[in-house]
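Listed below are the residues making up each chain.
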Amino acid sequence: AQSVSQHNHHVILSEAASLELGCNYSYGGTVNLFWYVQYPGQHLQLLLKYFSGDPLVKGIKGFEAEFIKSKFSFNLRKPSVQWSDTAEYFCAGLGGSTLGRLYFGRGTQLTVWP
Amino acid sequence: DAGVIQSPRHEVTEMGQEVTLRCKPISGHDYLFWYRQTMMRGLELLIYFNNNVPIDDSGMPEDRFSAKMPNASFSTLKIQPSEPRDSAVYFCASSSTPGTPRSAQYFGPGTRLLVL
């Protein structure tokens, strides 16, 4: 079955620390992958997406993600986090046999201490 | 672009009452999704439409939930009768044809529902 998994449930960092959030997907074929961010009390907002081509994708707010097909991974990174990055981060995948539907990971809560 | 519009933003009702949530997708998008988010269950896909036709409603919890999309610019999610366990944030999202570089799901602000 198609699925997307996120390794970390809760990550706590200090400002200026580097961030890497793990994401793995379990289906083959054409894979389109996304990272969304949800700030407290708000809706999900698109951070970045991968469709094809360069496996290193740059998104908004200084985030980037790397698609590694051999590892079925799409990890999110940021070299230096800020207090304002405190939020929940969702990885999602589109593809497999069910066109149109996104499969979301369970989310990773990131807390950044000032 | 106005983005996905949802109404109401907040709804407080009593158990047994009917609740109707509304969504206007982004113009030109042909997919529309309804999600529910709770602390316990996380983000759940309830149903989604393509060109106004329901494609997958397997996430709809039970017969008390129903969704319609009478035209390309409007959808409703109805709960009748409502129960306290329906309390959640309900998100609507829309996208253009998936699998294209410009396509992504864009979420509305959500409706916070509290059933007393």
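Look above for the structure.
Q: Run through the interface of chain B and chain A, naming residues and quoting values.
A: Accessible area lost upon the coming together of the parts serves often as the stated size of an interface. With 22 residues of chain B in contact, the opposing surface of chain A contributes 19 residues. For the pair chain B and chain A, the summed buried surface comes to about 1600 Å²; carbon and sulfur atoms form 58% of the total. Linking chain B with chain A are 1 salt bridge, by the criterion used here. Residue R101(A) pairs with D56(B) through a salt bridge whose shortest N-O separation is 3.7 Å. Taken together, the connections running from chain B to chain A amount to 3 residue pairs in polar contact (both at pLDDT 80 or more). Every element with two or more residues in the side of chain B that touches chain A is listed here: β4 (31–38), β5 (42–50) and β10 (106–107) of chain B. Looking at the side of chain B that touches chain A, the element that brings in the most residues is β4(B), giving 4 residues. Among the residues forming the side of chain B that touches chain A, the class breakdown is 13 nonpolar, 6 polar and 3 charged.

Q: Hey, could you go over the sheet that holds strand β7 (residues 65–71) of chain B for me, with residue numbers and the actual values?
A: All names here are of chain B. Spatial strand order, β1-β3-β8-β7: 4 strands in an open sheet with antiparallel pairing. Each end of this open sheet is capped by a strand with a single partner; those strands are β1 (5–7) and β7. The mean angle between the axes of side-by-side strands here comes to 15°, regardless of whether they run parallel or antiparallel. Sheet topology note: the β7/strand β8 (residues 74–79) ladder contains 5 bridges and is antiparallel. Bridged to S66 within β8 is K78.

Q: Residue-level account of the nonpolar core, with values.
A: Note that soluble globular proteins tend to have their nonpolar side chains buried in a common cluster. All names here are of chain A. The biggest cluster of nonpolar side chains holds 29 residues, and the ones touching the most others in it are L19, W35, L47, L48, F74, L76 and Y89. The greatest single-element share of this core, amounting to 4 residues, is contributed by strand β5 (residues 31–38). Ignoring sequence-local partners within four residues, the contact set of L19 consists of V11, L13, F63, L76, R77, K78, V81 and L110.

Q: Tell me what's going on with the packing of aromatic side chains, and back it up with residues and numbers.
A: What the rule picks out here adds up to 18 aromatic pairs over all chains. On the basis of an interplanar angle of 15° and a centroid distance of 6.2 Å, the ring pair of Y31(B) and F33(B) is categorised as stacked. This pair shows no difference in class: Y31(B) is buried, exactly as F33(B) is. Between the aromatic rings of F33(B) and Y35(B), the centroid separation amounts to 6.4 Å while the plane-to-plane angle is 25°, which identifies the pairing as stacked. The buried category is assigned to F33(B), whose relative accessible area is 0%. Taking relative accessible area as the criterion, Y35(B) reaches 1% and is therefore assigned buried. The rings of F34(A), Y36(A), F51(A), F90(A), F104(A), Y31(B), F33(B), Y35(B), Y48(B), F91(B) and F107(B) are connected pair by pair, giving a single aromatic cluster.

Q: Give a description of a nonpolar patch on the surface that names residues and reports values.
A: A cluster of nonpolar side chains, namely V12(B), L114(B) and L116(B), defines an oily patch on the protein surface of about 290 Å² accessible area. With respect to the helices and strands, V12(B) occurs in strand β2 (residues 10–13).

Q: Please give an account of the side chain of T111(A) that cites residues and values.
A: Residues and elements named next belong to chain A. Here T111 is to be found in strand β12 (residues 108–113). Here H10 takes part through its side chain, which lies 2.9 Å from a polar atom of the side chain of T111. Those residues in contact with T111 that lie beyond four places of it in its chain are H10, V11, I12, L13 and T86.

Q: Lay out the pairing of strand β3 (residues 19–24) of chain B in plain terms, naming residues and giving numbers.
A: Residues and elements named next belong to chain B. Where β1 lies against β3, 3 bridges are found, and the strand directions are antiparallel. Bridge assignment links I5 to a residue of β3, and that residue is K24. Note: β3 against β8, 5 bridges, orientation antiparallel. Within β8, the position partnered with V19 by the bridge is I79.

Q: Outline the state of the cysteines, listing residues and values.
A: According to the stated counting rule, one finds 2 disulfides over all chains in the structure shown. Paired through a disulfide, C23(A) and C91(A) show a sulfur-sulfur distance of 1.9 Å. As the torsion about the S-S bond is roughly -65°, the C23(A)-C91(A) disulfide counts as left-handed. Taken together, the residues C23(A) in strand β4 (residues 23–25) and C91(A) in strand β10 (residues 87–95) connect sequence positions 68 residues apart. Each sulfur of the disulfide joining C23(B) and C92(B) lies 1.9 Å from the other. What sets the handedness of the C23(B) and C92(B) disulfide is the S-S torsion sign, and at about -70° it is left-handed. Linking C23(B) in strand β3 with C92(B) in strand β9 (residues 88–95), this pair joins segments that are 69 residues apart in sequence. Owing to a relative accessible area of 1%, C23(B) belongs among the buried residues under this scheme.

Cut-offs used in this document
Residues numbered from 1 in each chain as written. Chains lettered and ligands numbered in written order. Predicted model: local features only at pLDDT ≥ 70, side-chain atom pairs only at ≥ 80, totals over all residues. Heavy atoms only, no water. Contact = heavy atoms within 4.5 Å. Buried area = accessible area lost by both parts, 1.4 Å probe. Salt bridge = Lys/Arg side-chain N within 4 Å of Asp/Glu carboxyl O. Polar contact = N/O pair within 3.5 Å; in protein donor to acceptor, adjacent residues only side chain to side chain. Helix = DSSP H or I, 4+ residues; strand = E, 2+ residues; numbered from the N terminus. Nonpolar A, V, L, I, M, F, W, Y, C, P; charged D, E, K, R; others polar. Pairing = 2+ DSSP bridges. Axes fitted to C-alpha atoms, helices over the stretch in contact; angles between N-to-C directions. Core = buried A, V, L, I, M, F, W, Y, C linked by side-chain atoms within 4.5 Å. Buried < 20%, exposed > 50% of the residue type's maximum accessible area, 1.4 Å probe, protein only. Phe/Tyr/Trp six-rings, centres within 6.5 Å; stacked < 30°, edge-to-face > 60°. Patch = residues over 30% accessible without salt bridge, like charges linked within 9 Å, V, L, I, M, F, W, Y side chains within 5 Å. Areas by Shrake-Rupley, 256 points an atom, 1.4 Å probe, with all protein chains shown as cover. Disulfide = S-S within 2.5 Å.

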